[in-house]
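Here is how the chains run, residue by residue.
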Amino acid sequence: MNLKIKKLNDIKYVIIGFFFIFSLSFCSPLGEQEKHSIILKSIYKTLYFLHPIPISIDNDFSKKVYDKFFEKLDNQKRFFIQKDLEDLSLYREKIDDFWIHGDPTFFNIIMKRFFQRVKEAEFICFQILKKSFDFNQKEIYILGEQKFSYSKNKKEWIEKWRKYLKYMTLLEIITSTKEKEIWKNAFFNEKKKYKKKVKEYIQEFFRKIKIKKESNWFSIYVNVLTSQYDPHTNYFSPKEKEFFDLNISGQTEGIGVKLQDDKGFPTVVKLISGGPAWKNKKIEIGDRIIRVAKNINSESKNIVGMLLENSICLIRGKKGSKVKLTIQKKNGSIEEVILTRDIIEKKEIFAKSVIILDKNDDKYGLICLPEFYFNPENKNGRNAAQDMKKIIQELKKENIKGILIDIRNNGGGSLDAVIEIAGFFLGKVPILQIGKPNKKKKILKSHENKVLWTGPLVILVNEFSASASEILAAAIKDYKRGIIVGSDQTYGKGTIQTIYPLNRFLHFNEKLGYLKLTINKFYRVNGSSTQLKGVNSDIVLPSKNKKNKFLKFMEKNQSNPMKWDYTDPIPSIRYYYKNLYIENIKYKSIKRLKKNKDFITIYKTMQSLEDQFPNEKQISLNWKEFFYENLKIKKKNESLKKLRNNLNTFGTKTFPLYYRIFSKESEKQKEWKKNLYSDFYDVSECINILRDFNEIPQ
């Protein structure tokens, strides 16, 4: 959860400020190495004084960083060879000293070797592609990160690249050739055409590596260091902070286009409805932006070949300001377009709702909350709590019988917002505790004196409901205010972060970046931490993610997560529903779920089929074996598609029979509402549970 806490320990800040003012009191402009040194020192001292779980900065720390940074730069082990690890091994136990003293030596040396290998690999690839591949030869290419290993020598390294390029060529053929064509002819008569496409892909692959600026690579290095403390303490460069603010607020100031890097050209792939570019009518999907003047009086800058994020930063600017773009149209003509920037909203993260009617025309409100969004730079900006309050008030006017809040895949956001939202259903009661297990806790309460919604409530979660989502689910569960439905457990993130500007005590003209710093843990009102264990659902539905490979990204599977612990519960918690009523509702739901045998059978068959796709495998580079193996995979995919269609057919036959979706909302929510029918199983059972709530004696 990306949370902003207003007050940290003032004494610690004074100590940090005192240290920086007297040890780093020189003026800008700074050279790149000086800047790196200051960033390293600033972050080290900040973590030393403020991180709640101190770690030992020793040789063991150094070895972990050494191995992790190699992995970050080259996770598929295509660039470095064994000799590189041996040559640089003398630094393996020195990184801790470099970290303490703000010395970027290791970063500089490893990056120099990395770019040497990139240059050599690029040359090797083009040499390999000049020669023909023998597609009759029987050889194996290993696919899967766990199977990758560093090449022992250059000969083995070249052979690894050769097999990779051969594999890419086979993939290009199999995805480009129609099934009715004779495969042998495709492999042997047209392979030059496919190799040309692979060459273009490789050129683009290396171009994107080479245009990355040193500051981008340095951010990766710093985050390897900070990740040793916990998974959520991160360094943001100034540009990365801009993108972070956009993601958490859902708002930015710009022209309303989505760009994609197409061989160095920033290319328009989407126009945001209502944005300046959309209103202007002169920019179309497929147009390329080749020059940008930050304002109409400044010099136009060529952005072809520039890192896409840098191009985007040039195009963005304050609301009301003008930007001049030079556009290359799809027909090749060149045009200049002047646009006035405006507020652009990322509408997909905002709360939205529909009304669901049952066969008796009773109404139930479904609220989807993708994030607990807020504006870090503007306290009065749009936020999740205000939007939720408005939605609940509108639903109440429709005389709804219950509310379902869908926070599946909601990764968190504002602490203030979730406390306020919990108060809409609980009133002014303790929502969570913040602090250390054996010390006095800060108890956070909602400011809502009056409960906004007193009726039936269900919270729908999954394995990726994290942080703020877990605070809401835990509070509703602990007060027995409603029922939690979904996966076995939520994500399991029980820590709180704040954003700390590295320029806070340093007076330089240029920004040094920001540290998102873990400062505390939070605890439920029952005393338990959500860290690692998350929140358990009252009613568990078959999870689409249960055996999914992406579950390795849950908190308990991250590197260096904080441990689970507990503290004293808050005394005298008032329960909203008697335990007997809650248990009765759970019993009815479980009984209903067992009756849906058709659905469960299809679902289990689908899961079994998905499990047959290994994450790591050996791929034959012989054209016949490659073709027939892919034919098997294609048939499995078709079977899966058929099962999914059966699942949806089962849904569209049962879901609309009992429930209908009704809404006065605009076009922007049409796609979401359409998808609700394919999501019938979870939603319909939640509405069934809300109906059961209404049978409880008042």
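Above: the structure in question.
Residues numbered from 1 in each chain as written. Predicted model: local features only at pLDDT ≥ 70, side-chain atom pairs only at ≥ 80, totals over all residues. Heavy atoms only, no water.

Enquirer: Outline the overall build of the chain, listing residues and values.
Expert: Within the chain one finds 21 helices and 22 strands. Going through the 698 residues of the chain one by one, you find that 52% of them count as buried. Here the contacts in the chain between residues at least 6 apart in sequence split such that 77% fall between residues at least 24 apart. As displayed, the chain has an accessible area near 34800 Å², and 51% of this comes from carbon and sulfur atoms. (Helix = DSSP H or I, 4+ residues; strand = E, 2+ residues; numbered from the N terminus. Buried < 20%, exposed > 50% of the residue type's maximum accessible area, 1.4 Å probe, protein only. Contact = heavy atoms within 4.5 Å. Areas by Shrake-Rupley, 256 points an atom, 1.4 Å probe, with all protein chains shown as cover.)

Enquirer: Describe in detail the pattern of salt bridges, supporting the description with residues and values.
Expert: In the structure shown here, the tally under the stated rule is 40 salt bridges. Of the charged contacts in the structure, one is a salt bridge between Glu120 and Arg117, with a shortest N-O distance of 2.8 Å. With a gap of three residues between them, Glu120 and Arg117 both fall in helix H6 (residues 105-129), about one helical turn apart. Among the residues examined, Glu120 registers a relative accessible area of 21% and is labelled partly exposed. What makes Arg117 buried here is its relative accessible area of 4%. Measuring nitrogen to oxygen at the nearest pair gives 3.9 Å for the salt bridge that ties Arg288 to Asp262. (Salt bridge = Lys/Arg side-chain N within 4 Å of Asp/Glu carboxyl O.)

Enquirer: I'd like to hear about the nonpolar core, residue by residue, with values.
Expert: Residues Trp99, Trp161, Tyr221 and Ile421 are the most contacted members of the largest nonpolar core, which totals 122 residues. Looking at this core element by element, the count peaks at eleven residues for H6. Setting aside its immediate chain neighbours within four residues, Trp161 contacts Arg78, Phe79, Ala121, Ile124, Cys125, Ile128, Phe205 and Phe206. One finds Tyr364, Leu460, Tyr577 and Ile687 within the second-largest nonpolar core, a separate group that totals 28 residues. (Core = buried A, V, L, I, M, F, W, Y, C linked by side-chain atoms within 4.5 Å.)

Enquirer: Provide a residue-level description of the sheet that holds strand E17 (residues 483-486), including the pertinent values.
Expert: Spatially, the seven strands line up as an open sheet ordered E20-E17-E16-E13-E12-E11-E22, and their pairing is mixed. At either margin of the open sheet sits one strand with a lone partner, and together these are strand E20 (539-540) and strand E22 (660-662). Where strand E11 (residues 352-357) and E22 come together, three bridges link them in antiparallel fashion. Opposite Ile356, over in E22, you have Ile661 as the bridge partner. Each of E11, strand E12 (363-368) and strand E13 (403-406) touches helix H14 (residues 384-397); the most contacted strand, E12, lies at about 170 degrees to it. (Pairing = 2+ DSSP bridges. Axes fitted to C-alpha atoms, helices over the stretch in contact; angles between N-to-C directions.)

Enquirer: Report on the packing of helix H15 (residues 415-426) against helix H16 (residues 468-478), specifying residues and quantitative values.
Expert: Packing of H15 against H16 brings their axes to within 9 Å, and their N-to-C directions diverge by 25 degrees. As summarised for this structure, H15 and H16 are arranged roughly parallel, according to the angle between their axes. The two elements H15 and H16 meet at a crossing, and its hand is right-handed. For the pair formed by H15 and H16, the contact residues are Leu415, Val418, Ile421, Ala422, Phe425 and Leu426 on the first element and Ala468, Ile471, Leu472, Ala475 and Ile476 on the second. Of the residues that constitute the contact of H15 with H16, the class distribution is eleven nonpolar, no polar and no charged. (Parallel < 35°, antiparallel > 145°, perpendicular 65-115°, else oblique. Left-handed = near helix turned anticlockwise from the far one by under 90°. Nonpolar A, V, L, I, M, F, W, Y, C, P; charged D, E, K, R; others polar.)

Enquirer: So what's going on with the packing of aromatic side chains? Residues and values would help.
Expert: This structure, assessed with the given rule, holds 36 aromatic pairs. Aromatic side chains Tyr91 and Phe98 sit 6.3 Å apart centroid to centroid with 40 degrees between the ring planes, which places their arrangement in the tilted category. Positioned above the aromatic ring of Tyr48, the side-chain terminus of Lys45 is 5.7 Å from the ring centre. Just above the ring of Phe133 sits the side chain of Lys195; from NZ or CZ to the centre is 5.0 Å. (Phe/Tyr/Trp six-rings, centres within 6.5 Å; stacked < 30°, edge-to-face > 60°. Lys NZ or Arg CZ within 6 Å of the ring centre and 35° of its normal.)

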